[in-house]
Amino acid sequence: MSPLTALGDPTRRQIIEMLALRELTAGEIVKAFSLTAPAISQHLKVLREARLVKVRAEGQKRIQSLNPEGLAEIEAWTKRMRTFWEGRLDALEQELRKNSTP
């Protein structure tokens, strides 16, 4: 699954926002939602498969953190879209100025 597709779900977006603040265990993430632990586990699995989240073991704990690789893919897409729209908006502005000049 692509990172952008994974972020289509509001729960997964909220998990990403939480992990942007600090690394968390799955249990800490579960406590922030009114969902079951298996449901959160499934969301985390999707985020890992989309390369947005990575997990590392610390003893018995599994620490979830953001994965810069998946975020870089989103950043690259956003940059392409920004370039596309900036060019279009600049052209529109020029047209509007030409048409508004008496």
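For the protein, the name recorded in an unreviewed UniProt entry is DNA-binding transcriptional regulator, ArsR family, with Terrimicrobium sacchariphilum as its organism.

Let us look at the UniProt feature "domain: HTH arsR-type" (unreviewed entry) in the protein. UniProt feature "domain: HTH arsR-type" (unreviewed entry): in the numbering of this structure it lies at residues 1-86. Secondary structure content for residues 1-86 is 63% helix and 16% strand, while the C-alpha to C-alpha distance between its ends is 28 Å.

Structurally, Asp9 is set in the loop between helix 1 (3-6) and helix 2 (10-21). A distance of 2.8 Å separates a polar side-chain atom of Asp9 from the backbone nitrogen of Thr11.

The strand order across the open sheet built from 3 strands is 1-3-2, with neighbouring strands paired in antiparallel fashion. Whereas interior strands pair on both sides, the edge strands pair on one side only; in this sheet they are strand 1 (24-25) and strand 2 (53-58). Across 6 bridges, the pairing between strand 2 and strand 3 (residues 61-66) is antiparallel. Bridge pairing in strand 3 links Lys54 to Ser65.

Rules used in this analysis
- Residues numbered from 1 in each chain as written.
- Predicted model: local features only at pLDDT ≥ 70, side-chain atom pairs only at ≥ 80, totals over all residues.
- Heavy atoms only, no water.
- UniProt positions renumbered as here; feature names shortened; annotations may be inferred.
- Helix = DSSP H or I, 4+ residues; strand = E, 2+ residues; numbered from the N terminus.
- Polar contact = N/O pair within 3.5 Å; in protein donor to acceptor, adjacent residues only side chain to side chain.
- Pairing = 2+ DSSP bridges.

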